[in-house]
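Read off the chains here:
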Amino acid sequence: MKLRSVWKAALLIVLSVCLVLALFFVGLIAFILRVSQADNAWNISMTRVSEGLGTAEEGYPFTESGYLREEGLWAILIDGESGDVVWQLDKPATVPDHYTLTDVASFTRWYLDDYPVLTRIRDDGLLVVGCPRESTWKYTVYMDAETIHLAPYWTAGMLLLSLGCVLALAALFLRRWFRTEQQRRDTARSAWINGVSHDIRTPLSMVMGYAGQLEEDETLPRLRREQAAVIRRQSQTIRDLVNDLNLTMRLDYDMQPLRKSLVSPAAILRQGAADLLNSGLGDAYSVEMVIPDCPPALEGDAFLLRRAVNNLFQNCVRHNPEGCAIQAGLRQEGKWCVLWVESCRIGSDSRAVHPAEEADGGASHGTGLKLVQQIARSHGGTARFRSGDGHFLSQLFLPLSRR
């Protein structure tokens, strides 16, 4: 699974969380609006009830009895001086007929004989309207002004904290899932590469063996012997590619242990040039070495460094079939030892003969340069490639030995 897929999954989770929160808040607001507009007892109009009740001079006529009885409510009027009930409508028998200042303060805040009540102050007393028991939850909430001002920030902070926790859990889950999936795919890929490499080696060895015998058979015509030589060289190229593929896979997954020791990069360059010359290099190629009198030393894996240098030499030959001048050298730059191999194409065409390095660190002409980069990276260094004007320069920057 690619990193882009991981980010898509994370984005999907974020959008899902936002959608859930949005639906929650919309549902909460809809519920509040529904309750506030519902026809329940607590939403009665005390102004309407008070205006429908006359005064003592008029005998307390009441025109809104139908309105209250429709909701199953009762009402009383408490005299402001004596505390006695001077008027009532359907008052329950358990509700007292006389009230003190303490009683008024209590039921105004809480309940009157377990009845939730609403109150309204009139010129002639206190009008009280009671609702059925257990019909309304009544609780007085106090909040200071500073808390009210901080409430939006606390709400936003809690929302962001919740989103952060959800994202952290999602990232942890995705990371574990991605790691498990990647390990499974890496194991399958490694097994497939090892299997294919093993299956190729045996028939390839037979092809190379028979092609070598035909190449050395003096009874065959010269053309047939040259064709056999081509088959042997191309088979050897396939063998090297298979070996590079295996090594690349092992370096990718840290399966190739580094056997570090004190090595001489000058000796590695000379050995690489000697192997190139002994491989039957044609007259169209020339090899020149530029090595200082006191070459620096490295701590590294001699086998991997030889493989990297051989790949650089082979790339010069592979991409210049008409011939080229090859120059290899060694120099020191600060704390780095630089091994370089440069090819210059022979002929009138001065265009670059090697494609530029790709963004993924490989090159479009095979695994050779990618393997070189991996070997340099495994030693704590880097590889750089530059092409143009018929030249191709490869440089390995490797840390010098501390010894």
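Residues numbered from 1 in each chain as written. Predicted model: local features only at pLDDT ≥ 70, side-chain atom pairs only at ≥ 80, totals over all residues. Heavy atoms only, no water.

> Tell me about the side chain of Gln395, residues and numbers included.
Within the secondary structure layout, Gln395 lies in strand E11 (residues 391-399). The class of Gln395 is buried, set by a relative accessible area of 10%. Side chain to side chain, Gln395 and Arg331 meet in a polar contact 2.7 Å long. Every residue in contact with Gln395, bar those within four places of it in the chain, is listed here: Arg331, Val338, Leu339, Trp340, Thr382, Ala383, Arg384 and Arg386. (Helix = DSSP H or I, 4+ residues; strand = E, 2+ residues; numbered from the N terminus. Buried < 20%, exposed > 50% of the residue type's maximum accessible area, 1.4 Å probe, protein only. Polar contact = N/O pair within 3.5 Å; in protein donor to acceptor, adjacent residues only side chain to side chain. Contact = heavy atoms within 4.5 Å.)

> An account of the sheet that holds strand E10 (residues 382-388) is requested, with residue identities and associated values reported.
Pairing is mixed in the open sheet, where five strands are placed in the order E6-E8-E9-E11-E10. A strand with exactly one partner marks an edge of an open sheet, and here the two such strands are strand E6 (285-290) and E10. In this sheet, neighbouring strand axes are inclined to one another by 15° on average, regardless of whether the strands run parallel or antiparallel. Sheet topology places strand E8 (residues 324-333) next to strand E9 (residues 336-345); ten bridges connect them, and they run antiparallel. Residue pairing across strands places Gln327 opposite Glu342, the latter belonging to E9. Contacts from helix H9 (residues 368-378) reach E10 and E11 within the one sheet, and its direction differs from that of E10 by about 145°. (Pairing = 2+ DSSP bridges. Axes fitted to C-alpha atoms, helices over the stretch in contact; angles between N-to-C directions.)

> Give me the packing of helix H7 (residues 265-278) against helix H8 (residues 302-318): which residues, what numbers.
Packing of H7 against H8 brings their axes to within 9 Å, and their N-to-C directions diverge by 45°. Relative to H8, the element H7 is oriented oblique. As for the relative orientation of H7 and H8, their crossing is right-handed in sense. When H7 is examined against H8, the residues Ile268, Leu269, Gly272, Ala273, Asp275 and Leu276 are found in contact with a partner set consisting of Leu305, Arg306, Val309, Asn310, Phe313, Gln314 and Val317. A class-by-class count of the residues in the contact of H7 with H8 yields eight nonpolar, three polar and two charged. (Parallel < 35°, antiparallel > 145°, perpendicular 65-115°, else oblique. Left-handed = near helix turned anticlockwise from the far one by under 90°. Nonpolar A, V, L, I, M, F, W, Y, C, P; charged D, E, K, R; others polar.)

> Quick rundown of the packing of H8 against H9? Include the residues and the values.
Running from amino to carboxyl end, H8 crosses H9 at an angle of 150°, the nearest separation of the two axes being 9 Å. In terms of axis orientation, H8 runs roughly antiparallel to H9. The interaxial crossing formed by H8 with H9 has left-handed handedness. Counted together, Leu304, Leu305, Arg307, Ala308, Asn311, Leu312 and Asn315 of H8 and Gly368, Leu369, Leu371, Val372 and Ile375 of H9 form the full contact between these two elements. In terms of residue class, the contact of H8 with H9 is made up of eight nonpolar, three polar and one charged.

> Mind laying out the nonpolar core, listing which residues take part and the relevant values?
The biggest cluster of nonpolar side chains holds 36 residues, and the ones touching the most others in it are Phe313, Ile326 and Leu339. Of all elements in the fold, only H7, H8, E8, E9, H9, E10 and E11 reach the threshold of two or more residues within this core. If one sorts the elements of this core by residue count, H8 sits on top with nine residues. Residues contacting Phe313, with those up to four places away along its chain left out, are Leu269, Gly272, Ala273, Leu276, Ile326, Ala328 and Val341. By size, the runner-up hydrophobic cluster in this structure holds 17 residues, among which are Met46, Phe62, Leu68 and Trp87. (Core = buried A, V, L, I, M, F, W, Y, C linked by side-chain atoms within 4.5 Å.)

> How would you summarise the pattern of salt bridges if you had to cite specific residues and measurements?
Applying the stated rule across the entire model yields ten salt bridges. Here Glu226 ties to Arg222 by a salt bridge, and the two come within 2.9 Å at their closest N and O atoms. Here the residue Glu226 and the residue Arg222 both occupy positions in helix H6 (residues 222-252), the gap between them amounting to four residues, near one helical turn. (Salt bridge = Lys/Arg side-chain N within 4 Å of Asp/Glu carboxyl O.)

> I'd like a description of the sheet that holds strand E1 (residues 74-79), backed by residues and values.
Pairing is antiparallel in the open sheet, where four strands are placed in the order E2-E1-E4-E3. Either end of the sheet is taken by a strand with one partner, and the two such strands are strand E2 (85-89) and strand E3 (117-122). Going across the sheet, the axis of each strand differs from the next one's by a mean of 15°, ignoring polarity. Bridge count between E3 and strand E4 (residues 125-130): six bridges; the pairing is antiparallel. Paired with Thr119 across the two strands is Val128, which belongs to E4.

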